[in-house]
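# Structural overview for review
Okay, here's what each chain looks like letter by letter:
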Amino acid sequence: MDGSTATAGALRAAFVDGTTTATMICEAALARIASRNAELGAMLAVDEASALRRAAALDAVDDRRRAGPLAAVPVAVKDNICTAGLTTTAGSRMLADFAPPYSATAVERLERAGAIVVGKANCDEFAMGSSSEHSAFGPVRNPWDRSRTPGGSSGGSAAAVAAGLVPLALGSDTGGSVRQPAALCGCVGVRPTYGRVSRHGLVAFASSLDQIGPLAATVRDAAVLLRVIAGRDAFDATTASAPVPDWEAALDGDVRGCRIGVPRHLLASGVDAEVSAAVTSALEVLASQGAEIREIALAHTDLAVPAYYLIATAEASSNLARYDGVRYGHRASGERALRAMYERSRAEGFGAEVKRRVILGTFVLSAGYIDAYYRQAQQAREQITAGFMAALDEVDLIAMPTSPTPAFPLGERLHDPVAMYLSDVFTVGASLAGIPALSIPCGLTAGGLPVGLQLAGRPFDEATLFRVADAFEREYGFRRPGPSGAGRRGGA
Ligand code: GLN
């Protein structure tokens, strides 16, 4: 079996039926990382010894039929998600030496399901960015075209899956950081309903928006991974006790009668023509499969980017206050006065984008401005949410592009923050509304770059998202980066 193209499901099955061993699967993944990572920059810490120890432990179990749903599956974990004893830098100098004493709940659940964490995936610093260029440890490159960004902030996770280094990865999505890199790298990325997955052990960026989510080559793999990590957690009071269904079992390919709403007014301007064409033809495929495509209005979406960048920066300025070189993070040496030490530690530890956001967030929360900015943004958030809920009364799903453009060249938006922020125009809405959304590959541009279709659904109705995305995937298949861009068709 070729581990670089096999799905997580196929790898597990080969392990369970004895065709291969966890050690062989793990060694192959480590070898792929060793040979490709220098060119991609997708992975930061890789702990070969501990991954191989876990693989050996899985191989030592007699009855493999009792193995977990992700048994022997190598997984990359975004570097803002804590892994006990394995550095977790969040892409920041501030945490360059931080090896957490505990693992995030999502990581613990992965391991309990038999997965092998092979290493940490590069990302924008503190998950702030849309290109993975804001990492203190160098940018990630898009496996489809290494002169381009993989998107961000979970760019390392998406690139690792797209390049076939690992079949699965964890990312985090605050305003689009799982969905947008999935779109730009041609893989599946899921932002679960807010509260579906525990944030315990996720380095906080904007707590009312942050969610951990899966990146995978197929919808089925993403559904299995989400089921493993989802559900109530005593360590995160915002997790919901809603039952976690067996999403995989419900993938029947039947989308007849499913009502999909398309906010065409959003697509009128600013969307790349090839993105728009790929999304339109994907909707035609779904219509031919029996879905009912309707035009819908989605109110107040013009407020989404400004509201998101006020709320997210306000929460970030508060969450990042703890990194002062005393309680947490890098400490500057040589300062004798306390205040000077704080200032220099933060000046040295944080990169330019993080500083920009801390300053903006502190400003929007400051006395005299809080009503004009932060409170107004909260009101806009309520209106945006109401707009989504009204639309989801009429339709089962909302479809739109994940990103207005395909992968852009490295450096193109690096010094133009507003252009970078506008990369998120289609993803921040679902984040603010707290609803689930996923991105699925739906085409390639003439230049061979992937395009993502985004589907958003009702709170806790990931089932419909997975069912429709899987039906589409049966038609479209999955393509790996390569000269022809057509590695494999037909999904799982
Ligand atoms: N690109 C968005 C931002 O920079 C989203 C980031 C994220 O979802 N973590 O804030």
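All residue numbers here refer to positions counted from 1 along the written sequence of the relevant chain. Given that the model is predicted, a residue must reach a pLDDT of at least 70 before its local features are reported, and side-chain atom pairs must reach 80 or more before they are shown or counted; all residues, however, enter totals for whole chains, interfaces and linings. Side-chain metrics in this entry use all non-hydrogen atoms of the structure; hydrogen atoms and water are not considered.

## Things to note about the overall build of the chain
Defined as follows: Only runs of H or I of at least four residues qualify as helices and only runs of E of at least two qualify as strands under DSSP, and these elements are numbered from the N terminus. This radius of gyration counts C-alpha atoms alone. The globule rule is 2.2 Å times how many residues there are, raised to the power 0.38. Note on classification: 1.4 Å probe, protein chains only; a residue is buried when its accessible area is under 20% of the maximum for its type, exposed when over 50%, partly exposed between these limits. All accessible-area figures derive from a Shrake-Rupley calculation using a 1.4 Å probe, and residue coverage is judged against the displayed protein chains alone. Charge assignment in this entry is limited to Lys and Arg as positive and Asp and Glu as negative, and neither His nor the chain termini are counted. All charge positions are set by atom: Lys at NZ, Arg at CZ, Asp at CG, Glu at CD.
Helix and strand content of the chain: 15 helices and eleven strands. For a compact globule of 492 residues, the expected C-alpha radius of gyration is about 23 Å, and the chain comes in at 21 Å, within 12% of that figure. Principal axes of the C-alpha set define a box for the chain whose edges measure 65 × 55 × 45 Å. Looking at the chain as a whole, 60% of its 492 residues are labelled buried. Surface exposure of the chain reaches about 17,700 Å², of which carbon and sulfur atoms provide 52%. When the 47 basic and 51 acidic side-chain charges of the chain are each reduced to a single mean position, those positions are 3 Å apart.

## Things to note about the packing of helix α9 (residues 304–319) against helix α11 (residues 352–364)
As a reminder of what qualifies: For every element, the axis is a line fit to its C-alpha atoms; helices are fit only across the contacting stretch, and the angle between N-to-C directions ranges from 0 to 180 degrees. Angles are sorted into four bins: roughly parallel if under 35 degrees, roughly antiparallel if over 145, roughly perpendicular if 65 to 115, and oblique for all others. Every residue pair with non-hydrogen atoms within 4.5 Å of one another is taken to be in contact. As a working rule, the residues Ala, Val, Leu, Ile, Met, Phe, Trp, Tyr, Cys and Pro are called nonpolar, Asp, Glu, Lys and Arg charged, and the rest polar, with Gly in that last group.
It is the contact of α9 with α11, at a shortest axis distance of 7 Å, that shows an interaxial angle of 100°. It follows that α9 is roughly perpendicular to α11 by the angle criterion. Facing α9, whose interface residues are Tyr309, Leu310, Thr313, Ala314 and Ser317, α11 presents Arg357, Val358, Leu360, Gly361, Thr362 and Val364. Here the residues of the contact of α9 with α11 are counted per class, giving six nonpolar, four polar and one charged.

## Comments concerning the sheet that holds strand β10 (residues 437–444)
For clarity, the threshold we go by: Should DSSP find at least two bridges between two strands, the strands are taken to pair.
Ordered in space as β1-β3-β2-β4-β6-β5-β10-β11-β9-β7-β8, the eleven strands form an open sheet in which the pairing is mixed. This sheet does not close on itself; its edge strands, each paired only once, are β1 (43–46) and β8 (292–295). If you compare each strand with its neighbour and ignore which way they point, the axes differ by 30° on average. Where β1 meets strand β3 (residues 116–121), two bridges bridge the pair, whose relative direction is antiparallel. From the neighbouring strand, valine 46 faces β3, where its bridge partner is glycine 119. Sheet strands touched by helix α5 (residues 155–162): β1, β2 (74–78), β3, β4 (168–173) and β6 (211–216). Its angle to β4, the strand with the most contacts, is close to 155°.

## Side note on the packing of aromatic side chains
Heads up, the rule is: Aromatic pairing here means that ring centres of Phe, Tyr or Trp (its six-membered ring) are within 6.5 Å. Orientation follows from the plane angle: under 30 degrees is stacked, over 60 is edge-to-face, and everything else is tilted. Two conditions define a charge sitting above a ring: the NZ of Lys or the CZ of Arg must be within 6 Å of the ring centre, and it must be within 35 degrees of the ring normal.
Counted under the stated rule, the structure contains eleven aromatic pairs. The interplanar angle of 35° and the centroid separation of 4.4 Å between the aromatic rings of phenylalanine 363 and tyrosine 369 together place this pair among those described as tilted. Residue tyrosine 369 is classed as partly exposed on the basis of its relative accessible area, which comes to 39%. Between phenylalanine 363 and tyrosine 373, the ring centres sit 5.6 Å apart and the planes meet at 50°, which makes this aromatic pair tilted. You can see phenylalanine 363 sitting in helix α11 and its partner tyrosine 373 sitting in helix α12 (residues 371–394), a full ten residues away along the chain. Joined through ring pairs, the aromatic side chains of Phe126, Tyr323, Tyr328 and Phe350 make up one cluster. One Lys or Arg, arginine 413, reaches over the ring of phenylalanine 408 and ends 3.7 Å from the middle of that ring. When the ring centre of tyrosine 476 is taken as origin, the NZ or CZ atom of arginine 479, which lies over that ring, is 3.8 Å away.

## Considerations on the side chain of serine 177
Filter applied, for reference: For the purposes of these results, a polar contact is taken to be a pair of N or O atoms within 3.5 Å, where, inside protein, one atom must be able to donate a hydrogen and its partner to accept one; residues adjacent in sequence count only when each atom of the pair is a side-chain atom.
On the secondary structure map, serine 177 appears in the loop between β4 and α6 (179–185). Look at serine 177 and you get buried, because its relative accessible area is 5%. Separated by 2.7 Å, the side chains of serine 177 and serine 153 make a polar contact. Those residues in contact with serine 177 that lie beyond four places of it in its chain are Lys78, Ala127, Gly129, Gly152, Ser153, Ser154 and Ser172.

## A short note on unusual backbone geometry
The residue after glycine 152, namely serine 153, is reached through a cis peptide bond having omega 10°. On the secondary structure map, serine 153 appears in the loop between β3 and α5. Despite not being glycine, alanine 72 has its phi angle at roughly 70°, a positive value. With respect to the helices and strands, the residue alanine 72 is situated in the loop between α3 (48–60) and β2. Look at alanine 72 and you get buried, because its relative accessible area is 0%. Unlike most non-glycine residues, alanine 127 shows phi in positive territory, near 65°. The buried category is assigned to alanine 127, whose relative accessible area is 5%.

## Thoughts on the site of the ligand
Cut-off, in case you're wondering: Any residue with a heavy atom positioned within 4 Å of a molecule or strand is treated as near that molecule or strand.
Near the ligand you find 15 residues, and of these Thr174, Gly175, Ser177, Tyr308 and Arg357 are the closest. At a separation of 2.8 Å, a nitrogen atom of the ligand approaches a polar backbone atom of alanine 127. Between the ligand and serine 130 there is a distance of 2.8 Å, counted from a nitrogen atom to a side-chain nitrogen or oxygen. In isolation the ligand has 290 Å² of accessible area, and contact with the protein removes 100% of it.

## Quick word on the pairing of β3
We count it as follows: Whether a crossover is right-handed comes down to one check: with the strands pointing away from the viewer, does the path from the first strand over the helix to the second run clockwise; if it does, it is right-handed.
Extensive coverage of β3 is indicated by the burial of six of its six residues. In this sheet, β3 lies alongside β2 in parallel orientation, the contact comprising five bridges. Paired with valine 77 across the strands is lysine 120, a residue of β3. Taken together, β2, helix α4 (residues 105–112) and β3 constitute a β-α-β crossover, and its handedness is right-handed.

## A closer look at the environment of phenylalanine 460
Within the fold, phenylalanine 460 resides in the loop between β11 (450–457) and α15 (462–476). Along the sequence, phenylalanine 460 and alanine 71 sit 389 residues apart, while their C-alpha atoms lie 26 Å from each other. For phenylalanine 460, the contacting residues outside a window of four places in its chain are Thr193, Tyr194, Arg196, Ala240, Ala242 and Pro436.

## Focus: the pattern of salt bridges
Threshold: By definition, a salt bridge exists where a carboxyl oxygen of Asp or Glu is found within 4 Å of a side-chain nitrogen of Lys or Arg.
Enumeration over the complete set of coordinates arrives at 26 salt bridges. Between arginine 64 and aspartate 59 there is a salt bridge whose closest N-O contact spans 3.5 Å. Between lysine 120 and aspartate 79 there is a salt bridge; the shortest N-O distance is 3.1 Å. Of this pair, lysine 120 sits in strand β3 while aspartate 79 is found in the loop between β2 and α4, placing the two residues 41 residues apart along the sequence.

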